[in-house]
Amino acid sequence: MTSPIDDLIAAGARVAAAGISPGSSGNVSILADDLVYMTGTGTDLGRLSEDDIAVVTREGTFVRGAKPSKELALHLAFYEKNVGHTAVVHLHSPFAVAASCLEPWSETSAIPPLTPYFVMRVGQSPLVPFRVPGDPDLAAQLLALPHAFHGALLANHGQIVSATTLDAAIEAAIELEEACRITLLTDGKPRRLLPAEDVAALAARWGTPWAESAALVR
Ligand SMILES: [Zn+2]
């Protein structure tokens, strides 16, 4: 069995290799044995070492290792919201950033259900109002959203997802980036969304959140 630190180092390399971490920015965390292991501030996701990992409590109290990223509060917010999830990935992946600069599609999802995979692997992903990176109020804004979600776009900033395993969180981050790309490619065109009954069935079967009656913003 590998350690949480080894898992994080491998995860950083995988995210960097997927090309969704411009300038090796972004951060990844794991919840293990009631501690949060997170990539430290200013670290390069593609070249992590043991010294780059911060260990904090679920309340954010420093335990050991590197200085945690200023985006720690966002990760803690996701663990608080999604009990049972053990990994969070936050990225400034370009299509997610671009989609985060648009008005959201609905009050519960920044982007529409265009492909089954987005519904199956991520589910509705709301737009969290803009706050400057590191502002503790950003996490408060995220937690103030009343509906369920495993992924979100942070306005004019990027994406964040959580899942029950680290592999699933990375898959979700890749899928959310792809869903944002497809949203942007089809934006402004007479596009066809997935039928609402199929979205509901997919979300139910894959255990992802999707509100059927969310008010459309645009
Ligand atoms: Zn960020």
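- For the chain, the name recorded in an unreviewed UniProt entry is L-fuculose-phosphate aldolase, with Microbacterium phyllosphaerae as its organism.

Quick look at the pairing of strand β2 (residues 35-39)
- Of all the five residues making up β2, five are buried; the element is thus mostly covered by neighbouring parts of the structure.
- Both faces of β2 are covered, namely the face carrying L35, Y37 and T39 and the face carrying V36 and M38.
- Across four bridges, the pairing between strand β1 (residues 27-32) and β2 is antiparallel. Residue pairing in the sheet places A32 in a bridge with L35 of β2.
- Hairpin geometry of β1 and β2 is characterised by an intervening segment of two residues between the two adjacent antiparallel strands and by a positive phi of about 50° at D33.
- One ladder, built from five bridges, connects β2 with strand β3 (residues 53-57); its direction is antiparallel. Pairing of V36 across the sheet is with V56, part of β3.

Thoughts on the pattern of salt bridges
- Considering all chains together, one arrives at eight salt bridges under this definition.
- Put simply, R14 and E171 hold a salt bridge, and the shortest N to O gap is 2.4 Å. Residue R14 is located in helix α1 (residues 4-17), and its partner E171 is located in helix α6 (residues 166-186); the two are separated by 157 residues in the primary sequence.
- We classify R14 as partly exposed; its relative accessible area is 32%.
- Looking at E171, the relative accessible area reads 33%, which means it is partly exposed.
- R58 is the salt-bridge partner of D34, the closest N and O atoms lying 3.5 Å from each other. You can see D34 sitting in the loop between β1 and β2 and its partner R58 sitting in the loop between β3 and β4 (62-65), a full 24 residues away along the chain.
- Assessed through its relative accessible area of 52%, D34 is described here as exposed.

Observations regarding the coordination of the zinc ion
- All of the protein donors around the zinc ion are E71 (OE), H90 (NE2), H92 (NE2) and H157 (NE2); their distances to the metal are 2.0 to 2.1 Å.
- Each of the four donor atoms around the zinc ion contributes to a set of angles spanning 91 to 148°, which defines the coordination as irregular.
- Spacing between the donor residues of the zinc ion along their common chain follows E-x18-H-x1-H-x64-H. Taken together, the residues span a long stretch of sequence, with E71 in the loop between β4 and α2 (72-81) and H90 in strand β5 (residues 87-91) at a distance of 19 residues. For the pair E71 and H90, a shared accessibility class is recorded, and that class is buried.

About the thresholds
The written sequence of each chain sets the order in which its residues are numbered from 1. Only residues with pLDDT of 70 or above have their local features reported here, since the model is predicted, and side-chain atom pairs are shown and tallied only from 80 upward, although totals for entire chains, interfaces and linings are computed over all residues. Side-chain descriptors were evaluated using all non-hydrogen atoms of the structure, hydrogens and water having been removed beforehand. The buried label goes to any residue with under 20% of its type's maximum accessible area, the exposed label to any with over 50%, and the partly exposed label to all in between, with areas taken from a 1.4 Å probe on protein chains only. Helix and strand labels come from DSSP, where a helix needs a run of H or I of at least four residues and a strand needs a run of E of at least two; each type is numbered from the N terminus. Pairing between two strands requires that DSSP report at least two bridges joining them. We define a salt bridge as a side-chain nitrogen of Lys or Arg found within 4 Å of a carboxyl oxygen belonging to Asp or Glu. Each metal's donors comprise the N, O and S atoms found within 2.8 Å of it (within 3.2 Å for Na, K or Ca). Water is not part of the atom list, so some coordination spheres may appear incomplete. Every angle between 85 and 135 degrees makes a four-donor site tetrahedral, while opposite donors more than 155 degrees apart, with all other angles between 65 and 115, make a four-donor site square planar and a six-donor site octahedral; other sites are irregular.

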